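Reading the structure
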Amino acid sequence: MNQWGIIWAARESFFNGLLATLELFIIAAVVGLFIGITLCYVMEYQHRVINRLIIAFVSLMRAVPFLILAYLLYYGLPQVGISMEAWTAGLLALVIYHGAYFFEILRSQRRIFSAGYIEAAQSQGFSRYKTFRRIILPNIFSSSLPLMGNQLIICLKDTAFLCIITVQEITAAANSVQSTYFIPFNAFIVAIALYWGISILLELLIKRLSHYGAKRGMSHA
């Protein structure tokens, strides 16, 4: 059997790795984005202590390499009596890490959001929550889509680090095949192709959302 024949025979391993990667990525992206939006909303209240805590959290996540965070959750927490499965620890690391970055992206757009829109909403009797949900969030989300797209691709690529804590995703599948059959080139070419395919789909999704936002006039630029 030639090398590509071996890859085809091991297709189930790659397929299972692809499913695991997609599951981790989708959950982490949705929950991380929710965290980012929630923190952005909390910042609207201008509570000095809470805002400083949020900024400190984001600063910490920006300073800590993702792999170190994953190591800490999986290998470090058991020392204080908190144990998690590798999949759970990996997902939690993705959510915490990228939730901070999603918040930072939204916050950067919030800083340049025109105060005139908010004043107009308040003059119409909008509550703080309604102003955020109906006016601020749609606009800052739409204008931040290119940055969001980049962050989503980074989140996807970070799933590859989780093979080091034994999560069986695409990179783990490729590594298993190459170590068993000694065909690293073929195995990792397949892994690259799978990551590339997902990235292309993400780029197309972001473009469609950007066009939709432009048609709806959701831009404060």
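Cut-offs and rules
Residues numbered from 1 in each chain as written. Predicted model: local features only at pLDDT ≥ 70, side-chain atom pairs only at ≥ 80, totals over all residues. Heavy atoms only, no water. UniProt positions renumbered as here; feature names shortened; annotations may be inferred. Helix = DSSP H or I, 4+ residues; strand = E, 2+ residues; numbered from the N terminus. Buried < 20%, exposed > 50% of the residue type's maximum accessible area, 1.4 Å probe, protein only. Contact = heavy atoms within 4.5 Å. Patch = residues over 30% accessible without salt bridge, like charges linked within 9 Å, V, L, I, M, F, W, Y side chains within 5 Å. Areas by Shrake-Rupley, 256 points an atom, 1.4 Å probe, with all protein chains shown as cover. Salt bridge = Lys/Arg side-chain N within 4 Å of Asp/Glu carboxyl O. Phe/Tyr/Trp six-rings, centres within 6.5 Å; stacked < 30°, edge-to-face > 60°. Lys NZ or Arg CZ within 6 Å of the ring centre and 35° of its normal.

Per an unreviewed UniProt entry, the chain carries the name Polar amino acid transport system permease protein and comes from Kosakonia radicincitans. On record in UniProt, under Sequence similarities (unreviewed entry), the comment for the chain is "Belongs to the binding-protein-dependent transport system permease family. HisMQ subfamily."

Another point: the environment of Gln 178. Position of Gln 178 relative to the elements: it lies in helix α9 (residues 170-181). In this structure Gln 178 comes out as buried when scored by relative accessible area, which is 17%. Each C-alpha atom of the pair Gln 178 and Arg 11 lies 13 Å from the other, and the pair is 167 residues apart in sequence. Each residue touching Gln 178, except ones within four places of it in the same chain, is listed here: Ile 183, Pro 184, Ala 187 and Phe 188.

Residues Ile 68, Tyr 71, Tyr 75, Phe 161 and Ile 164 make up a contiguous nonpolar surface patch of about 440 Å² in total accessible area. Topologically, Tyr 75 is positioned in helix α4 (residues 66-76). Using a relative accessible area of 43% as the deciding quantity, one classes Tyr 75 as partly exposed.

What follows covers the environment of Leu 147. Relative to the elements of secondary structure, Leu 147 occurs in helix α8 (residues 145-158). Taking C-alpha positions, Leu 147 is 20 Å from Val 64, a pair spaced 83 residues apart along the chain. Non-local contacts of Leu 147, meaning those with residues more than four positions away in its chain, are made with Ile 105 and Gln 109.

Below, the discussion takes up the packing of aromatic side chains. Tallying each qualifying case throughout the model produces 9 aromatic pairs. Measuring from centroid to centroid gives 6.3 Å for Phe 66 and Phe 161, while their planes differ by 50°, and the two rings are tilted. Taken together, the positions of Phe 66 in helix α4 and Phe 161 in the loop between α8 and α9 put the pair 95 residues apart, joining distant regions of the chain. On the basis of relative accessibility, which here comes to 4%, the residue Phe 66 falls in the buried class. Judged by its relative accessible area of 36%, Phe 161 falls in the partly exposed class. Pairing Tyr 74 with Tyr 75 gives two aromatic rings, centres 4.8 Å apart and planes at 70°, and the pair type is edge-to-face. Of the residues examined, Tyr 74 reaches a relative accessible area of 21% and is grouped as partly exposed. Taken together, the aromatic side chains of Tyr 41, Tyr 45, Tyr 129 and Phe 132 make up a single cluster linked through ring pairs. Over the ring of Tyr 45 we find Arg 128, and its NZ or CZ is 4.4 Å from the ring centre. Positioned above the aromatic ring of Phe 126, the side-chain terminus of Lys 130 is 4.6 Å from the ring centre.

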